[in-house]
Amino acid sequence: MAIGQAVLRKEDAGLLTGQTRFVDDLTVPGMVWMAVVRSPYGHARIRGVDVARARAARGVVAAFSGADLADDLAALPCAWPVSEDINMPPHFPLARDKARYAGDGVAVVLAESRALAKDAAELVEVDYEPLPAVTDVEAALAEGAPLVHDELGTNRCYTWSLSAGEVDQAFAQAAVVVKESYYQNRLIPNAIEPRAVLVQPLPAQGEYTVWSTTQIPHILHTLLALTLGLPQAKLRVIAPAVGGGFGSKLDVYAEEQLALVLARKLGRAVKWVEERSEGYLATIHGRDVVQEIELAATAEGEITAVRVRLTAAMGAYLQLVTPGIPLLGAWLYGGCYGVQAYDLHCTGVFTNTTPTDAYRGAGRPEATYAIERAVDALARRLGKDPVDIRRRNFIREFPATIASGLTIDAGDFPAALDRALAILDYDQVRREQADRRRRGDRRQLGVGLSTYIEMCGLAPSRILAALRYGAGGWETATVRFLPTGTVQVLTGTSPHGQGHATTWSQIVADRLGVAVEDVELLHGDTAVVPLGMDTYGSRSLAVGGVALYHAADKVIAKARAIAAHQLEVAEQDLEFQAGRFFVRGSPDRGVGIKDVALQAWTAHNLPDGMEPGLEASHVYDPPNFSWPSGCHAAVVEVDTETGDTRLVRYVAVDDVGRVINPQIVDGQVHGGIAQGVAQALYEEAVYDQDGNLVTGSMLTYLVPSAAELPSFQVDRTETPSPTNPLGVKGVGETGTIASPAAVMNAVVDALSHLGVTNLAMPATPERVWRAIQEARG
Ligand code: MCN
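Note that the coordinates shown come from a computational prediction; the quantities given were computed from them, not determined experimentally.

Visitor: Before we go on, may I ask you to explain the overall build of the protein chain in this structure?
Guide: Of regular secondary structure, the protein chain possesses 19 helices and 28 strands. In summary, the protein chain has a C-alpha radius of gyration of 27 Å against a globular reference of 28 Å for 777 residues, a match within 12%. C-alpha atoms of the protein chain, sized along the principal axes, occupy 90 × 75 × 50 Å. Looking at the protein chain as a whole, 62% of its 777 residues qualify as buried. Of the contacts formed within the protein chain by residues at least 6 apart in sequence, a portion of 79% connects residues at least 24 apart. Carbon and sulfur atoms make up 50% of the accessible area of the protein chain, which totals about 27800 Å².

Visitor: Please explain the sheet that holds strand 12 (residues 270-273) as it appears in this structure.
Guide: Note: strands within a sheet are paired through backbone hydrogen bonds, in either parallel or antiparallel orientation. Spatial strand order, 3-5-1-12-9-10-11: seven strands in an open sheet with mixed pairing. Every other strand in the sheet has two partners, leaving strand 3 (60-65) and strand 11 (235-238) as the edge strands with one partner each. For this sheet, the mean inter-axis angle between neighbouring strands, taken without regard to orientation, is 20°. Two elements, strand 1 (residues 32-38) and strand 5 (residues 105-111), share six bridges in a ladder whose sense is antiparallel. By the bridge assignment for strand 5, Arg 38 is matched with Gly 105.

Visitor: Sorry, what's going on with the sheet that holds strand 8 (residues 176-184) here?
Guide: In spatial order, the strands read 7-15-14-13-8; together these five strands make up an open sheet with mixed pairing. What marks the edges here is a single partner per strand, and that holds for strand 7 (156-164) and strand 8. For this sheet, the mean inter-axis angle between neighbouring strands, taken without regard to orientation, is 10°. As defined by bridge partners, strand 7 adjoins strand 15 (residues 341-350) across eight bridges and the pair is classed as antiparallel. Bridge pairing in strand 15 places Leu 162 opposite Leu 344. Across the sheet, helix 9 (residues 364-382) lies against strand 8, strand 13 (289-297) and strand 14 (303-315), angled at about 140° from strand 8, the strand it touches most.

Visitor: Would you mind going over the site of the ligand with me for this structure?
Guide: Around the ligand lies a shell of 32 residues, among which Gly 245, Gln 498, His 500, Gln 668 and Val 731 are the nearest. Between Thr 503 and the ligand, the recorded distance is 2.9 Å, taken from a side-chain N or O atom to an oxygen atom. A distance of 2.7 Å is found between an oxygen atom of the ligand and a side-chain nitrogen or oxygen belonging to Ser 540. Against a free-state accessible area of 850 Å², the protein chains account for coverage of 96% of the ligand. Going through the elements one at a time, helix 14 (500-512), helix 15 (540-567) and helix 17 (662-681) are the ones with two or more residues in the shell around the ligand. Partitioned by chemical class, the residues of the shell around the ligand number 10 nonpolar, 17 polar and five charged.

Visitor: Just to check I follow, could you spell out the pairing of strand 10 (residues 207-212) for this structure?
Guide: Within strand 10, five of the six residues are buried, which leaves it mostly tucked inside the rest of the structure. Pairing of strand 9 (residues 196-202) with strand 10, which is carried by six bridges, proceeds in the antiparallel orientation. Looking at the pairing, Val 199 lines up with Val 210 of strand 10. The turn joining strand 9 and strand 10, which pair antiparallel and follow one another in sequence, is formed by four residues; a positive phi near 65° is taken by Gly 206. When strand 10 meets strand 11, the two strands line up parallel, connected through four bridges. Of the residues in strand 11, the one forming a bridge with Trp 211 is Ile 238. Assessed by its sense of winding, the connection that carries the chain from strand 10 through helix 6 (residues 217-228) to strand 11 is right-handed.

Visitor: Help me understand helix 10 (residues 386-393), please; the structure alone is not making it clear to me.
Guide: Owing to its 3.6 residues per turn, the α-helix brings residues three or four apart onto one side. Within helix 10, the full set of buried residues consists of Pro 386, Val 387, Ile 389, Arg 390 and Asn 393. The buried residues of helix 10 occupy one face: seen down the axis, they fall within an arc of 165°. Where the residues of helix 10 are buried, they touch strand 14, helix 9, helix 11 (413-424), helix 12 (426-439), strand 18 (443-453) and helix 18 (734-751). The N-capping residue of helix 10, defined by a side-chain oxygen 2.8 Å from the backbone nitrogen of Val 387, is Asp 385.

Visitor: Whenever I open this one, unusual backbone geometry confuses me. Can you help?
Guide: In most cases, non-glycine residues show a negative phi, while peptide bonds are predominantly trans. With an omega of -20°, the peptide bond running from Ala 459 to Pro 460 counts as cis. When you line up the elements, Pro 460 lands in the loop between strand 18 and helix 13 (461-466). For the bond running from Met 761 to Pro 762, omega is -10°, close enough to zero to count as cis. Note on placement: Pro 762 falls in the loop between helix 18 and helix 19 (765-776). We note that Ala 362 has phi near 35°; this positive angle belongs to a residue other than glycine. The residue Ala 362 is located in the loop between strand 15 and helix 9 in this model. Using a relative accessible area of 4% as the deciding quantity, one classes Ala 362 as buried.

Rules behind the numbers
- Residues numbered from 1 in each chain as written.
- Predicted model: local features only at pLDDT ≥ 70, side-chain atom pairs only at ≥ 80, totals over all residues.
- Heavy atoms only, no water.
- Helix = DSSP H or I, 4+ residues; strand = E, 2+ residues; numbered from the N terminus.
- Rg over C-alpha atoms; globule rule 2.2 N^0.38 Å.
- Buried < 20%, exposed > 50% of the residue type's maximum accessible area, 1.4 Å probe, protein only.
- Contact = heavy atoms within 4.5 Å.
- Areas by Shrake-Rupley, 256 points an atom, 1.4 Å probe, with all protein chains shown as cover.
- Pairing = 2+ DSSP bridges.
- Axes fitted to C-alpha atoms, helices over the stretch in contact; angles between N-to-C directions.
- Near = heavy atom within 4 Å.
- Polar contact = N/O pair within 3.5 Å; in protein donor to acceptor, adjacent residues only side chain to side chain.
- Nonpolar A, V, L, I, M, F, W, Y, C, P; charged D, E, K, R; others polar.
- Right-handed = clockwise from strand over helix to strand, strands pointing away.
- Arc of directions from axis to C-beta.

Here you go:
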């Protein structure tokens, strides 16, 4: 069996030897470089743009303002109009009347080299009239706030509600009510590879090839064709190797459209590669949500109702799925708990900031954070151990339809909690904590838990339709035996670090009974795999991997018919094991599937009427989401004199169903934890009042490295998903979803005896120190 084995990643040899090709490595004849002139103001009227000096500069091929290209450019698509009342102002690749955030593109320069384009961009003269900016969601909703989009007359983008059960009654009857306020700090995704795009026009054929660092070559293919009115079949989108995305490359970006439009206009290939600090402004951000959560509970700590108010920043414009991001968590503010009454209200708000959109976890880290921190607050209120509150409230029967209306197919929440506590040696950690408190130790210890449930694997299409999402959630797969017995696999997923070449090979190898090395994966090129729904929302395995499983089964069914014909037996008398068909009861009478493949393509001796060849395709649309769950536990040490906070231990017990590749799963969990810990302790995008991004580089935006993190203790429980035949659930976001709450619960726990009850992320030394001073009065 290849499934379940820590097969080494097929991807790594190319990455480690530098042979893997990214967009920046690509050059095509006649290529020009594009540089985008960006607004230095958070909010400013554009009184005029003069590109004359830039046009006259050495090596410059062309320069345009937003107004110059008004007839060429189309509004960028937003595919998730979440509510009837949503305001969807147009978002052009270059601003025309106003710049609405620092980084908003206002002009573009094309030159013979990257450096010349960059130099010339500085010669573009823009006459700005600076306007008051608003960067905070609550301020943006206040009377008289500067309007990001004047024509709307409001900064409100939408309101969205979800209510079930007798919420008011539950609160009226509650023995205790806990009310907490949290802020989800704004995050900058920071994929290792910045964004890049190269467009080559092939004028004779009227075709265009687009290479982009994207997670979504297929969606990009459809939306570029749709928005620009190009025949989709004349457009080829390729996502070559992509160096991470974490959601930030799940978008149709201004630069992608600009490069295509300008390649068409100039008849020359156009290339653009983002710089890191440019990416801090021009690539989407994540989070930026104000949360209020109230729990109603009995005196014993049974949670009877949850009420949530979210105010979520959209940024200055709606990117591809901006409005839907807070709602991806909207069903999950009850956590793993059997809450019967549920009320959630979300307001989306425009501010003069970089647009937000999907960032690893997208909506679900926010939900997990709120409920898990509130559960700890409830435990503190009742003087109970947070472990006990969790145990008391866990959903234990599956399938479980939760108050918000979705059905969790399987899980075992107590098992993950028990396992995490055992690995942690919870009682011992609590004893050490008590010792330090008794001694008045300068370094106090805190332990925090996060028991999470996550909805991922985005599909089923019908539910997505009910959520007003603009696309389906299916995935395509083709499994093809070549005549010599190796297998080509085509997937509509678009990996950018997740190791699909390896795990997809494992799935197909097992199914077909061939070696992992016999399987080759093709992906990320619409000329090779024309249709797919790509990679995000930890959907690839639970949707795309399962599509492969079904395609492989169709191949086996056809091979069986050929084998039965050639062995002159009935199909039902054939067994298929380890890549070989044989007659039941006579294991010597048989034929290998690779031999069948050759026969299928020579077509010399096939059953009457059978098509030659051995390949099959499948489009899979799952009946439910995928529901990973688990328990993460963090131990922190806080220096009560300086506020310095160190994560000293981290235990993760995840239930991702059946595991295809444990090493890849561990890697996914590790990366996810690192990003979640970063939100809790280090990272925060900060704007000043004028809308300047104060944390505009890695000097001020603190991306942690391995040096800041302890060795993670990673383990698993396994309740297979009954929703799909592989029994798998997603893992790509679990770590990011679980960890911020675990870490922040630990930080508050370390200081709770001093009177600290809440702390904002990131828990920087200054913030922690101030909280201690305030608590001490
Ligand atoms: N896997 C497995 N067994 C399971 C679950 C998953 O072996 N039970 C394997 C899969 O086969 C796949 C990998 O783990 O090789 C991740 O699978 P999945 O959970 O389906 O997630 P996706 O492949 O759809 O990846 C998307 C997810 C998301 S949403 C973000 S954000 C994220 C993440 O993946 N961005 C990443 N992980 C990332 N990893 C890297 N290196 N770079 C990113 O940008």
